[in-house]
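One-letter residues, chain by chain:
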Amino acid sequence: MYQKIISLSTHSRNGLYDITSMIENAVKESGIKNGIASVYARGSTCAIMIQENWDESVQNDVITLLNKLVPHGVWEHDRQDNNGDAHLKAGIVGPSETIPVVDNKLGLSTWQNIFFCEFDGPRNRREIMITVLGEK
Amino acid sequence: MYQKIISLSTHSRNGLYDITSMIENAVKESGIKNGIASVYARGSTCAIMIQENWDESVQNDVITLLNKLVPHGVWEHDRQDNNGDAHLKAGIVGPSETIPVVDNKLGLSTWQNIFFCEFDGPRNRREIMITVLGEK
Amino acid sequence: MYQKIISLSTHSRNGLYDITSMIENAVKESGIKNGIASVYARGSTCAIMIQENWDESVQNDVITLLNKLVPHGVWEHDRQDNNGDAHLKAGIVGPSETIPVVDNKLGLSTWQNIFFCEFDGPRNRREIMITVLGEK
């Protein structure tokens, strides 16, 4: 068992941030050869998504799609915080992804990367908790 | 390893039920200090969502959004059970969330709560299976 | 800890393939009595969804819904690969599901089956990685 919090700052209201190398480093540090890496976004207006990272096109498309499906400013929760859309996007995408660990590396396919999704930025500090379980 | 089924009854066709304290109790009972808690909804018309619970606004907004994206009564499956929308909502949100366990507590952020999502209620008994893995 | 890659070929652009029996066999082979099975789709244009399999109606409805929410041919990424919709569907549904293992069997409810979702087929070989963790 190995557990670590990584953090990042975000720079706009909506944005995807590639955290693959940070997770890969944590897996390496864990010394665990085969098992799983659980990646968890600690916030109710952010999420984790596995997605391609060839260029920024898919990341932009994710934001365009979510803005279309979940428009800003039309939710009951907006009377409190004006961020109802951020909560809904976070709930649909979800804060947790569980990725296999194979030979002390993430078992991602060629085009899979791990993204932190910000839906209510900018934020100085967002936390992602990584838990690695398995055999050394 | 610790495993437990918790159950609840639901009172309307669509509804979100905060099960955080039940999961927190199971984690406590497990005696596991650091690791993960896997929360799994046992039903193909229900799901698990991590979401804010300041008041009922976000919960209402989740139902409003899903009813808009997945309208009732227009699906091929409705010829069998008239609950095609419930299956689709359950499939999109998903039955499983994996949450870190830190110092024998759920590693949720301040505003994250765990909700059971009912999409085809009311039901007398819905089951959620909790599995806690890690180190004591 | 037990880990295995299973593979399948897909026959159309969009399609759901029931892989429950393949996962159930892997759990049996693992010898693990109680714990979790992590199911992971290795591709950025495919996903895993838990869904009913009474007949093909829900599977068809999943494809109809996703085609409506995420139309083909209108995305920035389409200038590269013409498969922006496939990436977005994969990102929303997600590549990972974690299912409890109880008495060396999957802890699914009666109507829950595990589906591999193809969004950019046909493909000769798609890989799913299964990791089983727990106690023998």
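Now for a description of the structure that goes with this document. Position labels on residues start from 1 in each chain and follow its written sequence. Going through the entries in the order they are written, you letter the chains from A and number the ligands from 1. Whole-chain, interface and lining totals are the exception, using all residues; otherwise, since this is a predicted model, local features are given only for residues with pLDDT of at least 70 and side-chain atom pairs are given and counted only at 80 or more. Hydrogens are left out, water is left out, and the side-chain values use all remaining heavy atoms of the structure.

1. A word on the overall build of chain A
Link 1 in the chain: Elements are defined by DSSP. Helices are runs of H or I of four residues or more, strands are runs of E of two residues or more, and each kind is numbered from the N terminus. When its secondary structure is counted, chain A shows three helices and eight strands.
Link 2 in the chain: Secondary structure elements of chain A, listed N to C terminal, follow the sequence β-β-α-β-β-α-α-β-β-β-β.
Link 3 in the chain: Radius of gyration means the value over C-alpha atoms here, while the globule rule gives 2.2 Å times the residue count to the 0.38 power. The C-alpha radius of gyration computed for chain A amounts to 16 Å, which stays within 12% of the reference 14 Å derived for 136 residues, consistent with globular compactness.
Link 4 in the chain: Along the first, second and third principal axes, the C-alpha atoms of chain A reach 50 × 30 × 20 Å.
Link 5 in the chain: Burial classification: accessible surface area is computed with a 1.4 Å probe over protein chains only, and a residue below 20% of its type maximum counts as buried, one above 50% as exposed, and the rest as partly exposed. Taken over 136 residues, chain A has a buried fraction of 65%.
Link 6 in the chain: Here, two residues are considered to be in contact whenever any of their heavy atoms come within 4.5 Å of each other. Contacts in chain A between residues at least 24 apart in sequence constitute 83% of all its contacts with a sequence separation of at least 6.
Link 7 in the chain: To be clear on the numbers: accessible area is Shrake-Rupley with a 1.4 Å probe, and residue cover counts the displayed protein chains and nothing else. Surface summary for chain A: the accessible area is close to 5000 Å², and the carbon and sulfur share equals 45%.
Link 8 in the chain: Mean positive and mean negative side-chain charge positions of chain A (13 and 17 charges, respectively) differ by 5 Å. Charge assignment in this entry is limited to Lys and Arg as positive and Asp and Glu as negative, and neither His nor the chain termini are counted. By convention, charge coordinates are those of NZ in Lys, CZ in Arg, CG in Asp, or CD in Glu.

2. What about the sheet that holds strand β7 (residues 113-118) of chain B?
Residues and elements named next belong to chain B.
Link 1 in the chain: Strand order in the open sheet formed by three strands is β2-β7-β4, and the pairing between neighbours is antiparallel. Two strands close off the open sheet at either side, each with one partner strand: β2 (15-18) and β4 (46-51). Taken over all neighbouring pairs, the strand axes of this sheet differ in orientation by 30 degrees on average, direction set aside.
Link 2 in the chain: A pair of strands counts as paired when DSSP detects no fewer than two bridges linking them. Bridging between β4 and β7 involves six bridges; their strand directions are antiparallel. If you follow Cys 46 over to β7, its bridge partner there is Glu 118. In this analysis an axis means a line fitted to C-alpha atoms, helices contributing only their contacting stretch, and an angle means the value between N-to-C directions, from 0 to 180 degrees.

3. Things to note about the interface of chain A and chain B
Link 1 in the chain: Counting residues at the interface gives 28 residues for chain A and 34 residues for chain B.
Link 2 in the chain: Put simply, buried area is how much 1.4 Å-probe accessible surface two parts lose in total, over both of them, once they are put together. Buried area between chain A and chain B, summed over both chains or domains, comes out near 2600 Å², and the portion from carbon and sulfur atoms is 58%.
Link 3 in the chain: Considering only the side of chain A, the residues that lose the most area to chain B are A:Met1, A:Tyr40 and A:Ile92, jointly responsible for 21% of the buried surface there.
Link 4 in the chain: A pairing counts as a salt bridge when a side-chain nitrogen of Lys or Arg comes within 4 Å of a carboxyl oxygen of Asp or Glu. Counting the contacts that link chain A with chain B gives zero salt bridges.
Link 5 in the chain: Any pair of N or O atoms that falls within 3.5 Å is considered a polar contact. Within protein, one atom must be able to donate a hydrogen and the other to accept it, and sequence-neighbouring residues count only if both atoms are side-chain atoms. Run the count over chain A and chain B and you get 21 residue pairs in polar contact (both at pLDDT 80 or more).
Link 6 in the chain: The classification used treats Ala, Val, Leu, Ile, Met, Phe, Trp, Tyr, Cys and Pro as nonpolar, Asp, Glu, Lys and Arg as charged, and all other residues, Gly among them, as polar. Partitioned by chemical class, the residues of the side of chain A that touches chain B number 13 nonpolar, twelve polar and three charged.

4. With respect to the relation of the copies chain C and chain B
Link 1 in the chain: In this comparison the copies share one frame, found by least squares on the C-alpha atoms of residues holding pLDDT of at least 70 in both. Rotating chain C by 120 degrees and translating it 0.0 Å along the rotation axis places it on chain B, where the RMSD comes to 0.0 Å. With respect to symmetry, the two chain copies, as superposed, fit the operation of a three-fold axis.
Link 2 in the chain: Both copies present different contact surfaces, since only 15% of the interface residues of chain C are interface residues in chain B too.

5. Regarding the relation of the copies chain A and chain B
Applying a rotation about an axis and a shift along it to one chain copy brings it onto the other copy.
Link 1 in the chain: For these two chains of identical sequence, chain A goes onto chain B by a turn of 120 degrees and a shift of 0.0 Å along the axis, with RMSD 0.0 Å.
Link 2 in the chain: Taken together, the interface assignments show that only 18% of the residues at the interface of chain A recur at the interface of chain B, consistent with different surfaces on the two copies.

6. Structural notes on the interface of chain C and chain B
Link 1 in the chain: On the chain B side, the residues contacting the 34 residues of chain C number 28 residues.
Link 2 in the chain: Both faces combined, the contact of chain C with chain B buries some 2600 Å², and carbon together with sulfur accounts for 58% of it.
Link 3 in the chain: In terms of surface lost to chain B, no three residues of chain C exceed C:Asp61, C:Leu65 and C:Gln112, which account for 20% of the buried area on that side.
Link 4 in the chain: Across the contact surface, chain C and chain B share zero salt bridges.
Link 5 in the chain: Linking chain C with chain B are 21 residue pairs in polar contact (both at pLDDT 80 or more), by the criterion used here.
Link 6 in the chain: Broken down by secondary-structure element, the contributors of at least two residues to the side of chain C that touches chain B are β3 (34-41), β4 (46-51), α2 (57-69), β5 (96-102) and β8 (126-135) of chain C.
Link 7 in the chain: The greatest single-element share of the side of chain C that touches chain B, amounting to ten residues, is contributed by α2(C).

7. A closer look at the nonpolar core
Link 1 in the chain: Formed by 57 residues in total, the largest nonpolar core has its most connected members in A:Phe119, B:Phe119 and C:Phe119.
Link 2 in the chain: Excluding residues within four positions of it along the chain, A:Phe119 makes contact with A:Arg13, A:Asn14, A:Thr45, A:Cys46, A:Ala47, A:Leu66, A:Ala86, A:Lys89, A:Ala90 and A:Val93. Within this scheme, the nonpolar core is defined by two criteria: the residues are buried Ala, Val, Leu, Ile, Met, Phe, Trp, Tyr or Cys, and they are joined through side-chain atoms within 4.5 Å.

8. Remarks on helix α1 (residues 20-30) of chain A
All names here are of chain A.
Link 1 in the chain: Listing the buried residues of α1 in full gives Thr 20, Ile 23, Ala 26, Val 27 and Ser 30. Down the axis, α1 shows its buried residues gathered within 125 degrees of arc, on one side only.
Link 2 in the chain: Where α1 terminates, the next one or two residues include Gly 31, which has phi positive at roughly 70 degrees. This arc describes the spread of directions from the helix axis toward the C-beta atoms.

9. Digging into the packing of aromatic side chains
Residues and elements named next belong to chain A.
Link 1 in the chain: Centres within 6.5 Å are what make two rings of Phe, Tyr or Trp a pair, Trp counting through its six-membered ring; a difference in plane orientation under 30 degrees is then read as stacked, over 60 as edge-to-face, and the rest as tilted. Inspection of the entire model under this criterion finds three aromatic pairs over all chains.
Link 2 in the chain: Here the aromatic rings of Trp 54 and Trp 111 are separated by 5.6 Å at their centres, their planes lie at 70 degrees, and the arrangement is edge-to-face. Residue Trp 54 is located in the loop between β4 (46-51) and α2 (57-69), and its partner Trp 111 is located in the loop between β6 (105-106) and β7 (113-118); the two are separated by 57 residues in the primary sequence.
Link 3 in the chain: For Trp 54, a relative accessible area of 57% gives the class exposed.

10. Topic: the sheet that holds strand β1 (residues 2-8) of chain A
Pairing between sheet strands relies on hydrogen bonds along the backbone, with the strands arranged either parallel or antiparallel.
Link 1 in the chain: Here five strands make up an open sheet; going across it, the order is β1-β8-β3-β5-β6 (chain A) and the pairing antiparallel. Every interior strand has two partners, whereas the edge strands, β1 and β6 of chain A, have only one.

11. Points about the packing of helix α4 (residues 84-93) of chain B against α2(C)
Pairs of packed helices are described in terms of their axes, by the angle between the two and the distance that separates them.
Link 1 in the chain: Relative to each other, α4(B) and α2(C) sit at 65 degrees, their axes nearing to 10 Å. In terms of their interaxial angle, α4(B) and α2(C) are classed as roughly perpendicular. Crossing geometry of α4(B) relative to α2(C) is assigned as right-handed. On the side of α4(B), the interface is formed by B:His87, B:Leu88 and B:Ile92, while α2(C) contributes C:Val58, C:Asp61, C:Val62, C:Leu65 and C:Leu66.
Link 2 in the chain: Per-class residue counts for the contact of α4(B) with α2(C) are six nonpolar, one polar and one charged. An angle below 35 degrees is read as roughly parallel, one above 145 as roughly antiparallel, one from 65 to 115 as roughly perpendicular, and any other as oblique. A clockwise turn of the near helix away from the far one marks a right-handed crossing, whereas an anticlockwise turn of less than a right angle marks a left-handed crossing.

12. A look at unusual backbone geometry
Link 1 in the chain: Of note, the bond from A:Gly121 into A:Pro122 is cis; its omega dihedral lies within 30 degrees of zero at -5 degrees.
Link 2 in the chain: Locating A:Pro122 in the fold gives a position in the loop between β7 and β8 (126-135).
Link 3 in the chain: The residue B:Asn82 is not glycine, and still its phi comes out positive at about 60 degrees.
Link 4 in the chain: Looking at where B:Asn82 falls in the secondary structure, it is placed in the loop between α3 (78-81) and α4.

Function-wise, these values are silent; they only describe arrangement.
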